[in-house]
Amino acid sequence: MRRILSILLENEPGALSRIVGLFSQRGYNIDSLTVAHTDDETLSRITISTRGDQRVLEQITKQVNKLVDVLKVRELTERPHIEREIVLVKIFAENNEQREEVKRSADIFRGQIVDVTARVYTVQLLGTSEKVEAFIDVMRENATILETVRSGTVGIGRGEKSLTP
Amino acid sequence: MENNDKPMLSGAQMVVKSLEDLGVKYLFGYPGGAVLDIYDALFENEKVEHILVRHEQAAVHAADGYARATGDVGSVLVTSGPGATNTITGIATAYMDSIPLVVLSGQVPTTVIGEDAFQETDMVGCSRPIVKHSFLVKKAEDIPGAIAKAYYIAKTGRPGPVVVDLPKDIVNPLIKAPYDLPEEINIRSYKPSSKGHPRQIKKAVELLLNAKQPVIYTGGGIIASEASKELTKLAETLNMPVTNTLMGLGGISGTHPQFIGMLGMHGTYEANKSMHSADVIFAVGARFDDRVTNNVAKFCPNATIVHVDVDPTSISKTIQAHVPVVGEAKKVIKQILEHIDSTDSKPSDLSAWWQQINEWRNVKSLAYETFDDKIVPQQVIESLYKVTNGDAYVTSDVGQHQMFAALYYPYKKPRQWINSGGLGTMGFGFPAAMGVKLAFPDADVACVTGDGSIQMNIQELATCLQYNIPVKIVNINNSSLGMVKQWQSMFYNGRHSHSYMDSLPDFVKLTEAYGHVGMRVTDPAELDKVMAEAFALKDRLVFIDIIVDQNSHVYPMQIKGGKIDDMVLANKEGESN
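Keep in mind the model is a prediction, meaning the values are calculated, not measured.

Undergrad: Tell me about the pairing of strand β3 (residues 49-52) of chain B, residues and numbers included.
TA: Residue and element names in this part refer to chain B. Examined bridge by bridge, strand β2 (residues 26-30) and β3 share four bridges and lie parallel to one another. Paired with Tyr 26 across the bridge in β3 is Glu 49. Assessed by its sense of winding, the connection that carries the chain from β2 through helix α2 (residues 36-44) to β3 is right-handed.

Undergrad: Can you tell me about the domain arrangement of chain B, naming the residues and giving the values?
TA: All names here are of chain B. Assigned domains of chain B: these are domain 1 (8-178), domain 2 (198-361) and domain 3 (377-554). Look at where the C-alpha atoms of domain 1 and domain 3 centre, and you get two points 30 Å apart. Taken residue by residue, the interface counts 24 residues in domain 1 and 27 residues in domain 3. Elements supplying a minimum of two residues to the side of domain 1 that touches domain 3: β3, α3 (56-70) and α5 (88-96). With eleven residues, the single largest contributor to the side of domain 1 that touches domain 3 is α3. Across the side of domain 1 that touches domain 3, the residue classes break down as eleven nonpolar, nine polar and four charged.

Undergrad: Explain the sheet that holds strand β4 (residues 70-75) of chain A to me, using residue names and the numbers behind them.
TA: Residue and element names in this part refer to chain A. Within the open sheet, the four strands sit side by side as β2-β3-β1-β4. Their pairing is antiparallel. Strands with a single pairing partner mark the edges of an open sheet, and in this sheet they are β2 (32-37) and β4. Direction aside, the axes of adjacent strands within the sheet are offset by 15° on average. Here β2 runs beside strand β3 (residues 43-51); their pairing, made up of six bridges, is antiparallel. By the bridge assignment, Thr 34 is partnered in β3 with Thr 47. Where helix α1 (residues 15-25) meets the sheet, it contacts β1 (2-10), β2 and β3, and its direction lies at approximately 150° from that of β1. Strands β1, β3 and β4 of the sheet are contacted by helix α2 (residues 54-66), whose axis makes an angle of about 165° with β4.

Undergrad: Could you give an account of the packing of helix α1 (residues 11-21) of chain B against α2 of chain B, naming the residues involved and the relevant values?
TA: Residues and elements named next belong to chain B. Remark: α1 packs on α2, axes separated minimally by 8 Å, with the N-to-C direction vectors making an angle of 55°. When the axis of α1 is compared with that of α2, the two are oblique. When you trace α1 past α2, the crossing you get is right-handed. Residue-level inspection shows Ala 12, Gln 13, Val 15 and Val 16 of α1 in contact with α2, the latter providing Asp 37, Ile 38, Asp 40, Ala 41 and Leu 42. Residue composition of the contact of α1 with α2, grouped by class: six nonpolar, one polar and two charged.

Undergrad: Tell me about the interface of chain A and chain B, and name the residues and values.
TA: At the junction of the two partners, chain A supplies 17 residues and chain B supplies 15 residues. It is α2 of chain A that contributes the most residues to the side of chain A that touches chain B, five residues altogether. Broken down by class, the residue content of the side of chain A that touches chain B amounts to five nonpolar, six polar and six charged.

Undergrad: Talk me through unusual backbone geometry; I want residue IDs and the actual numbers.
TA: Residues and elements named next belong to chain B. In the segment running from Tyr 555 into Pro 556, the intervening peptide bond is cis, with an omega of -5°. Tracing the sequence through the fold places Pro 556 in the loop between β20 (542-547) and β21 (557-558). Its identity as a non-glycine residue notwithstanding, Glu 226 has a phi of 55°, on the positive side. Secondary-structure assignment places Glu 226 in the loop between α9 (220-224) and α10 (228-238). By the C-beta count within 10 Å, which is 14 here, Glu 226 ends up partly exposed. The phi torsion at Cys 300 lies on the positive side, around 35°, for a residue other than glycine. In this fold, Cys 300 is placed in the loop between α12 (290-293) and β13 (304-309). Exposure remark for Cys 300: the 23 C-beta atoms within 10 Å place this residue in the buried category.

Undergrad: Lay out the sheet that holds strand β6 (residues 133-136) of chain B with the relevant residues and their values.
TA: Strands belonging to one sheet form pairs held by backbone hydrogen bonds; the direction of such a pair is parallel or antiparallel. Residues and elements named next belong to chain B. Taking strand neighbours across the sheet as the criterion, the six strands line up as β3-β2-β4-β5-β7-β6 in an open arrangement whose pairing is parallel. Edge positions in the open sheet fall to β3 and β6, since each of these has one partner strand only. Going from strand to strand, the sheet's axes swing by 20° on average, the running direction of each strand aside. When strand β5 (residues 101-107) meets strand β7 (residues 161-167), the two strands line up parallel, connected through seven bridges. Within β7, the position partnered with Val 103 by the bridge is Val 163. The strands touched by α3 within the sheet are β2, β3, β4 (74-78) and β5, with β4 carrying the most contacts at an inclination of about 165°.

Cut-offs applied
Residues numbered from 1 in each chain as written. Chains lettered and ligands numbered in written order. Predicted model: local features only at pLDDT ≥ 70, side-chain atom pairs only at ≥ 80, totals over all residues. Pairing = 2+ DSSP bridges. Helix = DSSP H or I, 4+ residues; strand = E, 2+ residues; numbered from the N terminus. Right-handed = clockwise from strand over helix to strand, strands pointing away. Domains from an automatic or database assignment. Contact = placed C-beta atoms within 7 Å. Nonpolar A, V, L, I, M, F, W, Y, C, P; charged D, E, K, R; others polar. Axes fitted to C-alpha atoms, helices over the stretch in contact; angles between N-to-C directions. Parallel < 35°, antiparallel > 145°, perpendicular 65-115°, else oblique. Left-handed = near helix turned anticlockwise from the far one by under 90°. Buried ≥ 20, exposed ≤ 12 C-beta atoms within 10 Å, placed from the backbone.

Take a look at the structure:
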């Protein structure tokens, strides 16, 4: 099962490598990982998308929590939450028909064309991972994808409950 | 710099002053390029005694032995590159057994980090999976804070090793900065829990009071949190049997009538049988290691498990706990005792359970055969026990001798038994014994070892002469890697692939060459006499080379993949391989 972990940790050199090291050393999966400092620059927030049953996830959560640099760990997928991912897709569209199709699909998905050349469109799209996947699938059917880059999921819990120190 | 109340010191001086102010008595180390300035600052100090080992691995094991015997943090200082990488095995050993250590490693100057400079190694990276935490210090004024935090992190919560990497330019003797050692440590991301949750305590007590076939199963956590007295009191209050892990021996006296021996792979018949039949298992400071549980799918099917540990990751890692209690062993047991006092319920009558346990005891799973013409290893440990009156600190290496030393020397108190339980590091025992002897110069300190293990750190004979550290080395010499050979005999059709030590050195002469006393015994009738002679030489290191039967096996032994109590017991057939 897919799970999203939010981790609040000290913004110190080496802190990220401890998290990543823990995952690789204990054989846990990382589907995606994002990291940046928060509104408080002394803190970093990591969002990790991972997979595992309840037992594995409990171990992961506890192991991450045990790291000296880590302040808080929360499983986002446990409660109502919002998740977003951004993708940039570079598409080769040779003729008018393809260009129209790309434009139309981008509109339907509420994506934006952020770069255009004579033969290439670059589309930016924001949404959940499922939406991003669906968009990439549609584009693949309509034209030739040259490259894609995904930010990985970020997420935040709904309501007043917050991940703070 | 106008900071009047803070003394102005160089980074190197700060390292030494921090150690002094934190009360470090012994620093085990080895100098080299990156730490020359620190060594120069050490030259003037009178409070911290530096012990120059002969290999950095031994420095860590010695500091580790010191830490295990005293409960204080062990301290190590090494140079960058090979000095640092040589500590890795020692750090991993301490990490697996939760031993508090601080390892200070030199590093190339910050200006050349990452450029493959001479003797450069990413020590923080290399050690990352085997440390509790690490610091790469980048400014001289941060040194005291990092070192103080390192000692604090090493000894609190679940203890463990901490590395402090010190680049050469920040310890430059010419650059001075205000020295400010924090008096109190407050790390917002690190708050180890100490007391158990009252609701969990209540649940635990209810289970304990109503148990009909309970076992108390404890490990190194009892030793680390100094909970031996509380454990004994709890066991006596509830009249429950107690089994210890390899790391937990001495947590309750090995001579206590309620002690049913070590459990696990080479545990006693009664310990493993009791565990398997238990209705309630009260586990404290133990982690259901694979060397204990055997096949986890078949583990103790009828037991409700209460698991107390300071480290939440240890709980329900391999075996699901029914009542998890996160907290320090000592505090939680105290809470449980108080709760028992405050309730009206009385513990169940366990006489039927004890009758059953005593039947298992009567199997005498540790009985062994003796011979007129050859010594068997079990005899050696029993002789050691007699000669030292059961009071010695015993360190061990890894292999058959380790199991014999665990099973045949009943440890009366915690910290008396010192071994590499988790990592199983050959070469641990001798340097660890040095650390113990320095901590307790008047006590008998014996390193029980074998002809394989002792050669992995034998160079420390020189250190022992230089600093007059008169430990006793009890070398159980069977000219083979006994435990490997035992497995080959039992599971590889007797194909003894590379487990035979040909061309052993003459250990007696070797010891004498290093300036110590060597003795050799081959005759069982002489064993006690020679052992007594060796221990009578209080101020000399004595290497007792004891030639033993080459075919002895350690029994009982769990059958791989089976239940905890599926065991092979000693018999003639087993011995004949």
